[in-house]
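One letter stands for each residue in the lines below.
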Amino acid sequence: MTVLHPDLAAIAASFFSDGPSLGDRVVQWQRVHGRHDLPWQKNRTAYRVWLSEIMLQQTQVTAVIPYYERFLQRFPDVFSLAAAPSEEVMALWAGLGYYTRARNLHRCAQEVVASYQGEFPADPALLQALPGIGRSTAAAISAFSFGTRAAIMDGNVKRVFARVFGIREYPGNKPVEDQLWLLADSLLPQEGMDAYTQGLMDLGATVCTRSKPVCMLCPLQSHCVAHREQLTADLPVRKPKKAIPRKQVLMPLVMVDGQILLEQRPPTGIWGGLLSLPEIGGMQLADAQPYTPDTAAVKHFAARFAEVQAIRVLPDFEHVFTHFRLQIFPVIAEGARWLPAVSEPRYMVAWPEQADALALPAPVKNLLTELVSENTPG
């Protein structure tokens with residue numbers, strides 16, 4: 001079958017005409033074999049579901065759980081999150097990545113309090129109008145919290161549908177994705193929306209995995225085109241590869257008596273709103289030639305903030321973003337004392353030991369943690 005067939009709903013129904021529908025099979029499987037002990041499945045309020053769904057966007061469950069639990073401990077409801085300073089929200093989020101999610105999370109909480117008196121709306125269309133909530137996330141929140149019949153379409157669902165129905169086109173293409181949404185709507189069960197929605201997620205995460213799917217455990221195996229035609233390694237069709245650009249950045253660590261100069265980044269862009277090490281020249285496309293850190297530029301920059309006594313080059317390291325690789329070149333500039341420029345609003349000084357409590361990008365936090373480790377006696 002091709003995903004661009006004009007009557008997907010009829011084709012989908014014909015796949016399961018000899019027994020329970022796809023929806024009923026998923027519901028029955030989830031209730032017996034699905035995941036039931038995830039933190040956000042306990043006392044499942046709209047606030048808790050929303051928080052988990054935002055954190056789970058492009059992030060694995062195992063990485064999300066500790067962040068979710070810390071957030072919930074500090075912000076047990078939407079009112080406490082809405083009232084929190086943005087710096088505290090970003091600090092708790094630091095290390096989870098995709099920081100626009102954190103800024104939208106905070107804005108969304110404030111809007112729910114201002115517009116809905118702290119009660120998330122049940123209508124997926126109203127949820128989708130809130131900051132940071134897309135169509136699939138809105139459907140998941142509504143289905144889990146209110147039992148609404150609304151279709152989700154995350155990466156797990158696309159993979160399950162592509163394999164079961166033998167979709168041989170890249171599901172990220174807009175015309176294909178539009179057809180997938182029609183298919184998803186046609187497959188919704190009449191009852192058990194929470195189990196069905198969770199079941200699709202669980203199937204993709206634990207059975208119909210990207211590599212080495214465990215087909216023998218799948219409730220849809222007997223109707224799966226990919227299994228029947230041995231196409232599980234080929235479906236879903238992967239996105240055409242593009243060359244990943246490499247960038248480089250020079251980061252000075254201006255230090256006086258063990259304290260380090262940090263800079264508040266602009267609210268938008270890479271690591272928007274976080275504290276970080278300053279950058280000299282910003283993130284630049286890497287040349288083919290080997291890069292040598294410009295220690296003179298580091299000394300010149302550091303002289304604004306401290307009486308520089310020594311320069312020391314640290315080993316460079318790589319941090320991988322979604323769309324590019326960044327080679328970070330850290331250079332320490334040791335100073336005798338701080339100068340008045342450190343009092344400028346966008347700068348502050350901190351101890352490396354404070355790294356875990358500050359809203360720092362993961363590579364910067366790791367670098368400061370390594371400095372603490374190196375300077376800790378044996």
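Below you will find a few notes about this structure. Keep in mind that this is a model prediction, so the values were computed, not measured.

**Remarks on the pattern of salt bridges**
Part 1 of the argument: For the coordinates displayed, the defined rule picks out 12 salt bridges.
Part 2 of the argument: A salt bridge links D202 to R35, with the nearest nitrogen and oxygen atoms 2.7 Å apart. Linking D202 in helix α12 (residues 193-207) with R35 in the loop between α2 (22-33) and α3 (46-56), this pair joins segments that are 167 residues apart in sequence. Across the pair, exposure class does not vary: D202 and R35 are buried alike.
Part 3 of the argument: With a shortest N-O distance of 4.0 Å, R228 and E229 are connected by a salt bridge.
Part 4 of the argument: The partly exposed category is assigned to E229, whose relative accessible area is 39%.
Part 5 of the argument: Via salt bridges that share partners, R168, R228 and E229 belong to a single interconnected network.

**Overview of helix α11 (residues 174-186)**
Part 1 of the argument: Here α11 is 13 residues long and its end C-alpha atoms lie 19 Å apart, about the 18 Å a rise of 1.5 Å per residue gives.
Part 2 of the argument: Every buried residue of α11 is accounted for by V176, Q179, L180, W181, L183 and A184.

**A short note on the side chain of S142**
Part 1 of the argument: Residue position: S142 is located in helix α9 (residues 135-146).
Part 2 of the argument: A relative accessible area of 0% means that S142 is categorised as buried.
Part 3 of the argument: Excluding residues within four positions of it along the chain, S142 makes contact with A122, P124, L127, G147 and T148.

**With respect to the packing of aromatic side chains**
Part 1 of the argument: Taken as a whole and assessed by the stated rule, the structure comprises 11 aromatic pairs.
Part 2 of the argument: Where F161 meets F165, the ring centres are 6.1 Å apart and the plane angle is 70 degrees; that geometry is what we call edge-to-face.
Part 3 of the argument: Overall, F161 belongs to the buried group, its relative accessible area being 0%.
Part 4 of the argument: Between the aromatic rings of F301 and F305, the centroid separation amounts to 5.2 Å while the plane-to-plane angle is 50 degrees, which identifies the pairing as tilted.
Part 5 of the argument: A residue is classified by how much of its surface remains accessible, and F301, at 14% relative accessible area, is buried.
Part 6 of the argument: The rings of Y47, W50 and F120 are connected pair by pair, giving a single aromatic cluster.

**Considering the pairing of strand β2 (residues 259-264)**
The side chains of a regular strand alternate, residue by residue, between the two faces of the sheet.
Part 1 of the argument: When you tally the buried positions in β2, you get five out of six residues, the bulk of the element.
Part 2 of the argument: Relative to β2, strand β1 (residues 246-256) runs antiparallel, the two sharing two bridges. Residue V256 lies in a different strand from β2, and its bridge partner there is Q259.
Part 3 of the argument: In sequence, β1 turns back onto β2 through a hairpin of two residues, with D257 there showing a positive phi of about 50 degrees.
Part 4 of the argument: As paired strands, β2 and strand β8 (residues 347-350) are joined by four bridges and run antiparallel to one another. If you follow L262 over to β8, its bridge partner there is M348.

**Regarding unusual backbone geometry**
As a rule of thumb, non-glycine residues mostly have phi less than zero, and peptide bonds are mostly trans rather than cis.
Part 1 of the argument: Here the bond from L235 into P236 is cis, since omega is -5 degrees, no more than 30 degrees from zero.
Part 2 of the argument: The residue P236 is located in the loop between α13 (225-228) and β1 in this model.
Part 3 of the argument: Within the chain, Q58 stands out as a residue other than glycine whose phi angle is a positive 60 degrees.
Part 4 of the argument: Within the secondary structure, Q58 is located in the loop between α3 and α4 (61-74).

**Considering the packing of helix α6 (residues 86-93) against helix α7 (residues 100-116)**
A pair of packed helices is characterised by two quantities: the angle between their axes and the separation of those axes.
Part 1 of the argument: With their axes 10 Å apart at the nearest point, α6 and α7 run at an angle of 135 degrees to one another. Between α6 and α7, the angle falls in the class oblique. α6 and α7 meet at a crossing whose hand is right-handed. Across the interface between the two elements, S86, V89, M90 and W93 of α6 pack against R101, A102, R103, L105 and H106 of α7.
Part 2 of the argument: Among the residues making up the contact of α6 with α7, the classes are represented as five nonpolar, two polar and two charged.

**Considering the environment of T148**
Part 1 of the argument: For T148, the location among the structural elements is in the loop between α9 and α10 (155-164).
Part 2 of the argument: Each C-alpha atom, one on T148 and one on A84, is 31 Å from the other, the two residues being 64 residues apart in sequence.
Part 3 of the argument: Residues in contact with T148, not counting those within four places in the same chain, are A122, P124, S142, A143 and M193.

**A word on the side chain of E53**
Part 1 of the argument: When you line up the elements, E53 lands in helix α3.
Part 2 of the argument: Apart from residues lying up to four places away in sequence, E53 is in contact with T137, A140, I141, F144 and M201.

**Things to note about the nonpolar core**
Part 1 of the argument: Membership of the largest hydrophobic core comes to 106 residues, with the highest contact counts inside it found for W50, F71, F161, F165, Y196 and L253.
Part 2 of the argument: Beyond its immediate sequence surroundings of up to four residues, W50 is in contact with L81, L105, C108, A109, F120, I133 and I141.

Calculation notes
- Residues numbered from 1 in each chain as written.
- Predicted model: local features only at pLDDT ≥ 70, side-chain atom pairs only at ≥ 80, totals over all residues.
- Heavy atoms only, no water.
- Salt bridge = Lys/Arg side-chain N within 4 Å of Asp/Glu carboxyl O.
- Helix = DSSP H or I, 4+ residues; strand = E, 2+ residues; numbered from the N terminus.
- Buried < 20%, exposed > 50% of the residue type's maximum accessible area, 1.4 Å probe, protein only.
- Expected span 1.5 Å × (residues − 1).
- Contact = heavy atoms within 4.5 Å.
- Phe/Tyr/Trp six-rings, centres within 6.5 Å; stacked < 30°, edge-to-face > 60°.
- Pairing = 2+ DSSP bridges.
- Axes fitted to C-alpha atoms, helices over the stretch in contact; angles between N-to-C directions.
- Parallel < 35°, antiparallel > 145°, perpendicular 65-115°, else oblique.
- Left-handed = near helix turned anticlockwise from the far one by under 90°.
- Nonpolar A, V, L, I, M, F, W, Y, C, P; charged D, E, K, R; others polar.
- Core = buried A, V, L, I, M, F, W, Y, C linked by side-chain atoms within 4.5 Å.

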